[in-house]
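Understanding the architecture of this molecule
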Amino acid sequence: MLIDVILPFAVEGTFTYLLPDSCPAVPQTGQRVVVPWGQKKLVTGIVADVKTPMETGNLDIYKPVFSFPEDYPIVTSAQMKLWQWITRYYLCTIGEVMRAALPSDLREEKTSRQLKKPDSIGKIQSAHPLNEEQLRAKNEVQKAWKTTSTVLLYGVTSSGKTEVYIHLAQEQITQGKKVLYLVPEIALTTQLTDRLRSVFGDRLGVYHSRFTDRERVEIYKNVLAGDKYDILIGVRSSLFLPFNNLGLIIVDEEHDTSYKQQDPAPRYHARTTAQMLGSLFGAKILLGTATPAVETYYNALNGKYGLVEMKQRYAGLSLPAIHLLDLQRAYKQKKMEEHFSYPLVVRMREQLEAGKQVLLFQNRRGYNAYVECPECGYVPKCANCDVSLTEHKPLAPDMPSRLVCHYCGYSIPAPAVCPNCGQGIPVDRGFGTEKIEEEAVQLFPGARIARMDTDTTHTKNAHEKLIRRFADHEIDILVGTQMITKGLHFKDVSLVAVMKADAMLNQPDFRAYERAYQMLEQVSGRAGRAGTEGHVILQTSDIDNPLYAYLKKHDYEAMFAEQIEQRKMFRYPPFHRIIGLTLRHRELSRLEAASRTLYERLTRVFGTRCSSIIIPAVGRVQNLYIRQLTLKIEASASYAKAKEMLDAEVRYVKTLSPCKGTLFTIDVDPM
Ligand SMILES: [Zn+2]
Ligand SMILES: [Zn+2]
């Protein structure tokens, strides 16, 4: 007998092996199998198909399988269908999907650990009773599910959506069904997990990328066994767990961009994939957010999704008051302390004296940060990428600072004198979280100040600890990146300040405006929860931008109306679908030849649906030059057909000798 095996490589299709007659039983689809690869290597794969060969003559061209770690499938037939769908939709190989879907311990030969029997079962406690508004929302969601499988629960920040989710989940569980609760990042889960744990006890599973592989294998096997968890909370990769009998998938903060996997393939979006997974089980989908993605809200308005709104904050709280601060004027009138405007300093002092907490938001770590020689204007750049280096302060005071590349990690010691003119002392022109923290320490002596960004939270549990310390009011001022915008609930935060709100708008991306609105509304939503009056100060150099007028009124609908017009006019989603193509090569001339060839061929097929060749803002990363092309396909056209035609062209161009060595990346529905 022959078996087709999926191997975790970026190579197309499956691989055929011979099943020796000595094998005690015929393996099942989805079972793990260890097979020889190359001359002296063994790899673990998944059985895709078992078949009897038509003729028996030339079977010795196939290598025999080596072993089977278990005698039962670890990939279910629903998972297999999902893998195949992802392969087709996102134009990747099934091996790439396998690599994303299985914890690495399950992909390696070393673990043949058997399934552990589930532990004792915890008691479910009762959830908080719903108030009138929540009860109405819950009933409306259930009613909407009768006509459409996907419903958008659009509720303002602090409207109490989580309790609605909990009640809907409980009803599924009572019917013997399982629930998957997706969250964008682990940042969200600390407080949420505590809340869910208090309701679901041991019947709650948690799955995220910061777990060790061993822990992830354990959860994978528990889900496969099917009797340990009723509800599982996890990040996007939890869509790949071996569910059975799924009744509901909640996609919380559905607008969040971290639901999209960027690299490596499969470049899938969790919201889209959740809908596919749900359809395999006939499960309901609930998308929840205070700031829907433009595409989602459009689908809800057009009846593709159900729409349920919650416009009131929980317990009669009002939405935070938003104050704009004109940075241009403040600089002109010299009413600035470094990056803090006078009114912000005054308001912060008031709040700190009143025993309240303050959140300071700076878009990114080291965003716009660079080092410059004041004498000759020299800016140190990365050796491998076309980007300037960012100064990172030393870990200990006696160590020198380093200049770091945020794209590839390249770093050098900060030069004491300018290497260009030998005169000036290069200074940090940066405006990242580190700088804001430093300035806050100077301005507010005595206040307890901490910083939350990827630099301070890369160790395990560092993030959870920071959140708990802030929640316990052991910190007065927390400086952070978008990490602090995500669904966190701190009762003593009365003031949130955004240090430079327009930084988010100045990005060459059709979603920049929508994202800026979402991020600012979400960060504002951290102010004034649990009875504290909330204020938000947005410092901006672009005070007349209509975005701020919408934010002041918390008027998402007005922002949406403006954006949807733009999307229509410039052929963007939801009216057109986008496929991004990236080409990379070490040699610029070869890259240019490849991109020109591909461009010409695509233009012949797709006409003006293909963009001209784009040189990205950062045109070289890790010694590879980069070019891009974008396809815009009408929403009414066959997406599958368009992708098939595109795929054929890319395959052809790959075979041409002048294009040799070019790396091609296809990103379906890029974000
Ligand atoms: Zn210089
Ligand atoms: Zn670099």
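Refer to the structure presented above.
Residues numbered from 1 in each chain as written. Chains lettered and ligands numbered in written order. Predicted model: local features only at pLDDT ≥ 70, side-chain atom pairs only at ≥ 80, totals over all residues. Heavy atoms only, no water.

What to know about the packing of aromatic side chains
Keep this limit in mind: Aromatic contacts are taken between Phe, Tyr and Trp rings whose centres are within 6.5 Å, Trp giving its six-membered ring; a plane angle under 30 degrees counts as stacked, one over 60 as edge-to-face, and the others as tilted. Partly exposed residues are those whose accessible area sits between 20% and 50% of the maximum for their type, while under 20% is buried and over 50% is exposed, using a 1.4 Å probe and protein chains only. The way it works is that DSSP assigns letters per residue, a run of H or I at least four long becomes a helix, a run of E at least two long becomes a strand, and they are numbered from the N terminus. Two limits define a charge over a ring: the Lys NZ or Arg CZ must be within 6 Å of the ring centre, and within 35 degrees of the ring normal.
Enumeration according to the criterion identifies 18 aromatic pairs in this entry. Note on Tyr89 and Tyr90: the rings are 4.7 Å apart at their centroids and 70 degrees apart in plane angle, and the pair reads as edge-to-face. Judged by its relative accessible area of 2%, Tyr90 falls in the buried class. With 6.3 Å between their ring centres and 25 degrees between their planes, Tyr556 and Phe560 make a pair best called stacked. Taken together, the positions of Tyr556 and Phe560, both in helix H16 (residues 556–569) and 4 residues apart, correspond to about one turn of that helix. As far as burial versus exposure is concerned, Tyr556 and Phe560 are alike and both buried. Among the aromatic residues, those joined into a cluster by ring pairs are Tyr154, Tyr297, Tyr517, Tyr556 and Phe560. One residue, Lys643, lies across the ring of Tyr89, its end atom 3.5 Å from the ring centre. Above the face of the Tyr639 ring, Lys643 is positioned so that its terminal group lies 4.3 Å from the ring centre.

Observations concerning the coordination of the zinc ion (ligand 1)
As a reminder, the rule being used: Sites may look incomplete, because water is not among the atoms used; the donor set itself consists of N, O and S atoms within 2.8 Å of the metal (3.2 Å for Na, K and Ca). Any site counts as irregular unless it has four donors with all angles between 85 and 135 degrees, making it tetrahedral, or four or six donors with opposite ones more than 155 degrees apart and the rest between 65 and 115, making it square planar or octahedral.
Only Cys373 (SG), Cys376 (SG), Cys418 (SG) and Cys421 (SG) from the protein coordinate the zinc ion (ligand 1), and they sit 2.3 Å from it. Given 4 donor atoms and angles of 107 to 114 degrees at the metal, the environment of the zinc ion (ligand 1) is assigned as tetrahedral. All donors to the zinc ion (ligand 1) come from one chain, and their sequence spacing reads C-x2-C-x41-C-x2-C. Taken together, the residues span a long stretch of sequence, with Cys373 in the loop between strand S16 (371–372) and strand S17 (390–392) and Cys418 in the loop between strand S19 (411–413) and strand S20 (427–428) at a distance of 45 residues.

Some details on the sheet that holds strand S9 (residues 246–252)
Keep this limit in mind: Two strands qualify as a pair provided DSSP detects at least 2 bridges between them. Angles here are taken between N-to-C directions and fall from 0 to 180 degrees, while the axes themselves are lines fitted to C-alpha atoms, restricted in helices to the stretch in contact.
Across the sheet, 7 strands lie side by side as S7-S8-S6-S9-S10-S5-S11; this open sheet has parallel pairing. In this open sheet, the two edge strands, each paired with only one partner strand, are strand S7 (204–207) and strand S11 (306–310). Shown here is a sheet whose adjacent strand axes are inclined to one another by a mean of 20 degrees, direction ignored. As paired strands, strand S5 (residues 150–155) and S11 are joined by 5 bridges and run parallel to one another. Opposite Tyr154, over in S11, you have Glu309 as the bridge partner.

Focus on the nonpolar core
The test is simple: In this description, a nonpolar core means a group of buried Ala, Val, Leu, Ile, Met, Phe, Trp, Tyr and Cys residues linked to one another through side-chain atoms lying within 4.5 Å. A contact between two residues is defined here by any heavy atoms of the two lying within 4.5 Å.
Counting residues in each nonpolar core, the largest one holds 139 residues, and the members touching the most others are Trp83, Leu286, Leu520 and Leu646. Setting aside residues up to four positions removed in sequence, Leu520 forms contacts with Val498, Ala501, Met504, Leu538, Leu547, Tyr548 and Leu551. Listed in part, the 22 residues of the second largest apolar core include Ala330, Val358, Val479 and Met499.

Brief notes about the coordination of the zinc ion (ligand 2)
Donor atoms from the polypeptide that bind the zinc ion (ligand 2) are Cys382 (SG), Cys385 (SG), Cys405 (SG) and Cys408 (SG), placed at 2.3 Å. The coordination sphere of the zinc ion (ligand 2) comprises 4 donor atoms, whose angles at the metal cover 105 to 115 degrees; the geometry is tetrahedral. Counting along the primary sequence, the residues that act as donors to the zinc ion (ligand 2) give the motif C-x2-C-x19-C-x2-C. Of this pair, Cys385 sits in the loop between S16 and S17 while Cys408 sits in the loop between strand S18 (402–404) and S19, and the two are 23 residues apart along the sequence. The exposure class assigned to Cys385 is buried, which follows from its relative accessible area of 1%. You can call Cys408 partly exposed: its relative accessible area is 22%.

Regarding the pattern of salt bridges
For side chains bearing opposite charge, pairing can occur when the charged atoms are close. Threshold: Counted as salt bridges are all cases of a side-chain nitrogen of Lys or Arg within 4 Å of a carboxyl oxygen of Asp or Glu.
Applying the stated rule across the entire model yields 35 salt bridges. Two residues, Glu12 and Arg651, come together in a salt bridge whose shortest N-O distance is 2.7 Å. Linking Glu12 in the loop between strand S1 (2–6) and strand S2 (15–18) with Arg651 in helix H18 (residues 639–655), this pair joins segments that are 639 residues apart in sequence. Owing to a relative accessible area of 39%, Arg651 belongs among the partly exposed residues under this scheme. Of the charged contacts in the structure, one is a salt bridge between Glu338 and Lys435, with a shortest N-O distance of 4.0 Å. One end of the pair, Glu338, is in the loop between strand S13 (336–337) and strand S14 (340–341); the other, Lys435, is in helix H12 (residues 433–443), and 97 residues separate them in sequence. Connected via shared salt-bridge partners are Glu295, Arg511, Glu514 and Arg567.

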